[in-house]
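Now for the letters of each chain:
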Amino acid sequence: MTTAPHLGRAARPLETHLASFGERVALRAGDRNLSYADLAGRVRDVADAYAGARRLVLQTPGQDIDSVVEYLGALAADQVVIVAGSHADALVDAWNPDVVVDATGRDVRRDVSAHELHLDLALLLSTSGTTGSPKLVRLGLEGLLANAAAIAESLSIRPDDVAATTLPLHYCYGLSVLHSHLLAGASVLLTDDSVLDESFWDDAATHGVTTIPGVPHTFELLERSGFGDRSTPTLRTLTQAGGRMAPERVRRFAELGQRRGFDLVVMYGATEATARMSVLPSDLALAAPTSIGRPLPGATFHLDEVNDDGVGELVFTGPNVMLGYATSPADLALGRSVSELRTGDLARELPDGLWEIVGRCNRIAKVCGLRIDLDHVERALGDRGFVVAAADGGDHLVIGITDGARPVAVPTLLSFATELTGVPAALIDVVVLPDLPRLANGKTDYTSLVEQRSQRACRNQDGGTGVTPADVTALFATVLARPDAQPTDSFVDLGGDSLSYVEASLRLERLLGELPAGWHALPAVALADSAGEKKWGRAVETNVVLRALAIFTIVASHSNLFMLLGGAHVLLAIVGFNLGRFQLGDQPRRQRVRAMLRAVVRVVVPSVLVIGTMAATTTQITWRQAALVTSFTEWNWSEPRWSYWFIEALALSTILLAALLAIPAVDRASRRWPFALPVVLTIALTPARFDLFAIPGDHVHRLNGMLWLVTLGWAISKARTTRQRLLVTALTLWLAPGFFIVGGPLRPAYLVVGLLALIWLPRVRLPSLAASLIGVLAASSLWIYLLHWRVYPALEVSSPVLATVLSLAVGVAAAEAVRRVGNRLGNR
């Protein structure tokens, strides 16, 4: 258990406490680390600068080491600190502080305070849900430390933990992260970056972040940023507070944590309780996603004015309850005026001792003579899949909705809301937004929502971009032959793979303009919202460009147009890259394996049919090629029997990886270490890459010698940080040069450049015509490869250009014919 240090004013116990952890790292920022010993020394210097009378200090902290040192130094010197955010100017006017500290430095306005400051008063914060109000929460140092100790105990914070400051320090939740970790001797990473920024994840990897705190909006951003596919090997805990998070999202993150090896801890709190009041243990998040847990150690809950359903106002008692409010400078002289906190939340206690919030005492709107519980409206619509906020618009009910969770069919939403509330549809204003408006602390900004109703009204009725979720859903249904597609489905959800990816991306770009990163994992409703102004040309993903380039160079080289070998090996790396993107997400193990096997079937079936037909009509191709077992039955290279080695390598490598990932332990490892596992496999395959086993035959065309390309492509797909990209770059530069025995220097150079482009260049902007041509070639690459062997030989001597063009055209025509037949069959 973490114990709060004894507070003796003359001894500056805060300095002593910090110094007790010695050279352990306390604060981290970018490439800077500050030990506890150094932090204690710097805090002492700041405290010495404040020595003398107690004064009122207003600080606007940044997410940096100097701000934390200033804050701790002021507390150590027994100053009374107002921690302010962007509303600092309003607080300066209202509270007339003696010292003002901001990014420009410390402005000492007077040596003796203009205020009478109560001895127990240490900290002043804006009330929960407000930013510029002159009403402040008065907090004592004893309560602050008691709450930090209870949080540290409940979260089992360890000295080797590293927490990221994803929340501002002027917000009580962000400040509590700092307090609880410094109290436990742990470390804090100070950063202004959002979880949407790659630089945040670079820092998280560099510093070994174990804890990421967040409000509900943070978790929305995590989902948008592809957190489920991100490698976070050191992550131990996600903590959530700052408002109710949808139970479905709680379950999703709890399930993800079980697969990936981290805990989700849901907490409940308020500034008036210093920070936190209760914690839901991580092992109960799946079973009780609507619960706020149990009170912190040393604290209790009880209900006031309980109704027949066992619901009443939640009242909190504990050492961290505020001293009271302050509405004017005269209130700074007051001592404790409250001993318990009436939260304003309606709650009930469950039979197992857990607590659940069911609404707010003051979240009642009166529309058309009807009393509307706005929290109930939000929960009920949320249960139907809508992400909404309900606000009192005076004579109207205002419902804000995001179009990222479900198709925004306004008539359907209005029907639900009317049935739920009894309010006529004409008195319900629906505001469709990319995201709900937020306050600085991440909570819903209901005032802004009401203001936006007159500005935005209903985007669906006004036309918006003209692209609806139904348009995107219809596109998915057509491309993937899935007439059952729903607007909440993504490309991956519907079984999309590398073969259908190119066609889907090309059609989506024509419909929406430039596609967002990670579009294949976004539901149709989110993609419809991403439609924007179309830019010059089109941004084509590098893996698509490489597919088109590879199949073109393969055909052109075979047709004697020019000689540039290595394209098929680039395609093998892309096979692994696309496996990592489409089949190796967060799906359950069996679903992953089935997806990989379906991808194999989509290649093997047409290949066996085409090669089998050739085997039946010519003696040059045999049943061994049709059965894709040439590499097991013929040791010496010969043409044309080894012509289909690439198809064999693709199929066998995918089957082998599917079998490997079917093993539960390997599947768990791939989720816990999504980047490290394919890197380890690639390194483990290096003896075969360097042909150390001297297996008979040409190792550059056998699976044993080429499998490293597939696992390296998989690793590239999971490389999220600069450090990870540098690692796969190093593997590329180690393994690719010298791989080929014949082909000259251009062949390995082609492979190296292709792999490096895949690592460092996500997209290439091209003229629309060039992008369309590349898309067609990439989407038809399988059929071009299968059929060109029967086209070019008759023309390679007399007309290499015609041989190349005709080979490509035949393959494109065959692919188009197959797509049309598939669409007809799928729509029956």
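**Student:** Run through the overall build of the chain, naming residues and quoting values.
**Tutor:** The number of helices and strands found in the chain is 31 helices and 27 strands. Counting over 828 residues, the chain shows a buried share of 56%. When contacts within the chain are restricted to residue pairs at least 6 apart in sequence, long-range pairs at least 24 apart make up 69% of them. Summing over all exposed atoms, the chain offers an accessible surface of approximately 33,200 Å²; the carbon and sulfur share of this is 57%.

**Student:** Could you give an account of unusual backbone geometry, with specific residues and numbers?
**Tutor:** Keep in mind that most residues, glycine aside, have a negative phi and that most peptide bonds are trans. Positive phi is not limited to glycine here, since Asp78 has a value of about 70°. Checked against the element boundaries, Asp78 lands in the loop between α3 (65–76) and β4 (80–83). Its identity as a non-glycine residue notwithstanding, Ser156 has a phi of 55°, on the positive side. Positionally, Ser156 belongs in the loop between α5 (141–154) and β9 (162–164).

**Student:** Residue-level account of the nonpolar core, with values.
**Tutor:** For soluble globular proteins, nonpolar side chains are generally found buried alongside one another. Of all hydrophobic cores here, the largest spans 110 residues; its most connected members are Phe476, Phe491, Leu508, Trp519, Phe646 and Tyr785. Setting aside its immediate chain neighbours within four residues, Tyr785 contacts Ile551, Ile554, Ser643, Tyr644, Trp645, Phe646 and Ile647. Grouped together as the second largest cluster of nonpolar side chains are 77 residues, Ala74, Val265, Leu341 and Ala347 included.

**Student:** Please set out the sheet that holds strand β24 (residues 397–402) residue by residue, giving values where relevant.
**Tutor:** Spatial strand order, β23-β24-β25: three strands in an open sheet with mixed pairing. Two strands bound the open sheet, and with one partner strand each, they are β23 (388–392) and β25 (428–433). Across the sheet, the axes of successive neighbouring strands diverge by a mean angle of 20°, strand direction being ignored. Packing against the sheet, helix α10 (residues 374–383) makes contact with β23 and β24, and its axis sits at approximately 160° to β23.

**Student:** Tell me about the confidence of the model for the chain, and please be specific about residues and values.
**Tutor:** For the chain, per-residue confidence averages 86 on the pLDDT scale, and 90% of positions sit at 70 or higher. Per-residue pLDDT stays below 50 along residues 5–11; that stretch engages in 13 contacts with residues further than four places along the chain or on separate chains. Contacts from residues 128–133, a stretch scored under 50 in pLDDT, to residues over four places away or in other chains number twelve contacts.

**Student:** Any details on the side chain of Glu70? Residues and values, ideally.
**Tutor:** Its place among the elements puts Glu70 in helix α3. Within the structure, the side chain of Glu70 is placed 2.8 Å from the side chain of Arg106, a separation counted as a polar contact. Residues within four places of Glu70 in sequence aside, it is in contact with Val46, Tyr50, Gln59, Val101 and Arg106.

**Student:** Quick one: what's the story with a nonpolar patch on the surface, residue by residue and with numbers?
**Tutor:** Together, Leu561, Phe562, Val801 and Val805 make up an exposed nonpolar region whose accessible area comes to about 310 Å². Along the chain, the position of Val801 falls in helix α31 (residues 800–826). Overall, Val801 belongs to the exposed group, its relative accessible area being 51%.

**Student:** Explain the sheet that holds β4 to me, using residue names and the numbers behind them.
**Tutor:** What the seven strands build is an open sheet, ordered β6-β5-β3-β4-β7-β8-β18; its pairing is mixed. Because the sheet does not close on itself, it has two edges, and the strands there are β6 (105–108) and β18 (324–326). In this sheet, adjacent strand axes meet at a mean angle of 25° when their direction is disregarded. In this sheet, strand β8 (residues 136–140) lies alongside strand β7 (residues 121–126) in antiparallel orientation, the contact comprising five bridges. Across the sheet, Leu124 pairs through a bridge with Arg138, a residue of β8. Strands β3 (56–59), β4, β5 (99–102), β6 and β7 of the sheet are contacted by α3, whose axis makes an angle of about 145° with β4. Against the sheet, helix α4 (residues 88–95) makes contact with β3, β4, β5, β7, β8 and β18, and its axis sits at roughly 165° relative to β3, the strand it touches most.

**Student:** Which residues make up the packing of helix α2 (residues 36–50) against α3, and what values do they have?
**Tutor:** Where α2 meets α3, the axes come as close as 8 Å, and the angle between the chain directions of the two elements is 55°. The orientation of α2 with respect to α3, classified from their angle, is oblique. Along this stretch, α2 crosses α3, giving a crossing that reads as right-handed. Each of Leu39, Arg42, Val43, Val46, Ala47 and Tyr50 in α2 lies in contact with α3, whose residues at this interface are Ile65, Asp66, Val69, Glu70, Leu72, Gly73, Ala74 and Ala76. Partitioning the contact of α2 with α3 into residue classes produces ten nonpolar, one polar and three charged.

**Student:** Describe the side chain of Thr165, naming the residues involved and giving the relevant values.
**Tutor:** Take Thr165: it is sitting in the loop between β9 and α6 (172–183). Since its relative accessible area comes to 4%, Thr165 is described here as buried. Other than its neighbours up to four places away in sequence, Thr165 contacts Gln63, Val188, Leu189, Leu190 and Thr191.

**Student:** I'd love a proper account of the pattern of salt bridges, names of residues and values included.
**Tutor:** Within this structure, the stated rule accounts for 17 salt bridges. With its nearest N and O atoms 2.8 Å apart, the salt bridge here joins Glu70 to Arg106. Here Glu70 is found in helix α3, whereas its partner Arg106 is found in strand β6, with 36 residues between them in sequence. On the accessibility criterion, Arg106 (35% relative accessible area) is partly exposed. A salt bridge links Glu541 to Arg581, with the nearest nitrogen and oxygen atoms 3.1 Å apart. Of this pair, Glu541 sits in strand β26 (residues 538–541) while Arg581 sits in helix α18 (residues 567–583), placing them 40 residues apart in sequence. We classify Arg581 as buried; its relative accessible area is 14%.

**Student:** A description of the packing of aromatic side chains should follow, citing residues and the corresponding values.
**Tutor:** Both the distance between ring centres and the angle between the ring planes are used here to describe each pair of aromatic rings. Evaluation of the coordinates by the stated rule reveals 22 aromatic pairs. Pairing Phe200 with Trp201 gives two aromatic rings, centres 5.0 Å apart and planes at 90°, and the pair type is edge-to-face. Trp201 sits in the buried class, given a relative accessible area of 3%. Following the ring pairs from residue to residue traces out a cluster consisting of Phe200, Trp201, Phe219, Phe227, Phe253 and Phe262. The ring of Phe227 has Arg260 lying over it, and the distance from NZ or CZ to the ring centre is 5.4 Å. Here the basic side chain of Arg689 rests over the ring of Phe690, its NZ or CZ set 4.1 Å away from the ring centre.

**Student:** Could you give an account of α4, naming the residues involved and the relevant values?
**Tutor:** Where α4 is concerned, the buried positions are Ala88, Leu91, Val92 and Trp95. For α4, the arc enclosing every buried residue in end-on projection is 105°, short of the 170-degree limit, so these residues lie on one face. Among the exposed residues of α4, those oriented more than 90 degrees off its buried face are Asp89 and Asp93. Looking at the packing, one finds that the buried side of α4 touches β3, β4, β5, β7, β8 and β18. Immediately downstream of α4, the backbone of Asn96 shows phi near 50°, a positive value.

**Student:** Can you explain the pairing of β23? Please cite residues and give values.
**Tutor:** β23 sits mainly inside the fold: four of its five residues count as buried. Relative to β24, β23 runs antiparallel, the two being bridged by five bridges. Note on β24: the bridge partner recorded for Ala389 is Gly400.

**Student:** Break down the environment of Gly385 for me, with residues and values.
**Tutor:** As for its placement among the helices and strands, Gly385 is situated in the loop between α10 and β23. For Gly385, a relative accessible area of 29% gives the class partly exposed. In this structure, the C-alpha to C-alpha distance between Gly385 and Ala246, residues 139 residues apart in sequence, is 9.9 Å.

**Student:** I'd love a proper account of the environment of Val479, names of residues and values included.
**Tutor:** In this structure, Val479 sits in helix α14 (residues 469–479). For the pair Val479 and Arg819, spaced 340 residues apart in the sequence, the C-alpha separation amounts to 8.2 Å.

Parameters and conventions
- Residues numbered from 1 in each chain as written.
- Predicted model: local features only at pLDDT ≥ 70, side-chain atom pairs only at ≥ 80, totals over all residues.
- Heavy atoms only, no water.
- Helix = DSSP H or I, 4+ residues; strand = E, 2+ residues; numbered from the N terminus.
- Buried < 20%, exposed > 50% of the residue type's maximum accessible area, 1.4 Å probe, protein only.
- Contact = heavy atoms within 4.5 Å.
- Areas by Shrake-Rupley, 256 points an atom, 1.4 Å probe, with all protein chains shown as cover.
- Core = buried A, V, L, I, M, F, W, Y, C linked by side-chain atoms within 4.5 Å.
- Pairing = 2+ DSSP bridges.
- Axes fitted to C-alpha atoms, helices over the stretch in contact; angles between N-to-C directions.
- pLDDT = per-residue confidence, 0-100.
- Polar contact = N/O pair within 3.5 Å; in protein donor to acceptor, adjacent residues only side chain to side chain.
- Patch = residues over 30% accessible without salt bridge, like charges linked within 9 Å, V, L, I, M, F, W, Y side chains within 5 Å.
- Salt bridge = Lys/Arg side-chain N within 4 Å of Asp/Glu carboxyl O.
- Parallel < 35°, antiparallel > 145°, perpendicular 65-115°, else oblique.
- Left-handed = near helix turned anticlockwise from the far one by under 90°.
- Nonpolar A, V, L, I, M, F, W, Y, C, P; charged D, E, K, R; others polar.
- Phe/Tyr/Trp six-rings, centres within 6.5 Å; stacked < 30°, edge-to-face > 60°.
- Lys NZ or Arg CZ within 6 Å of the ring centre and 35° of its normal.
- Arc of directions from axis to C-beta.

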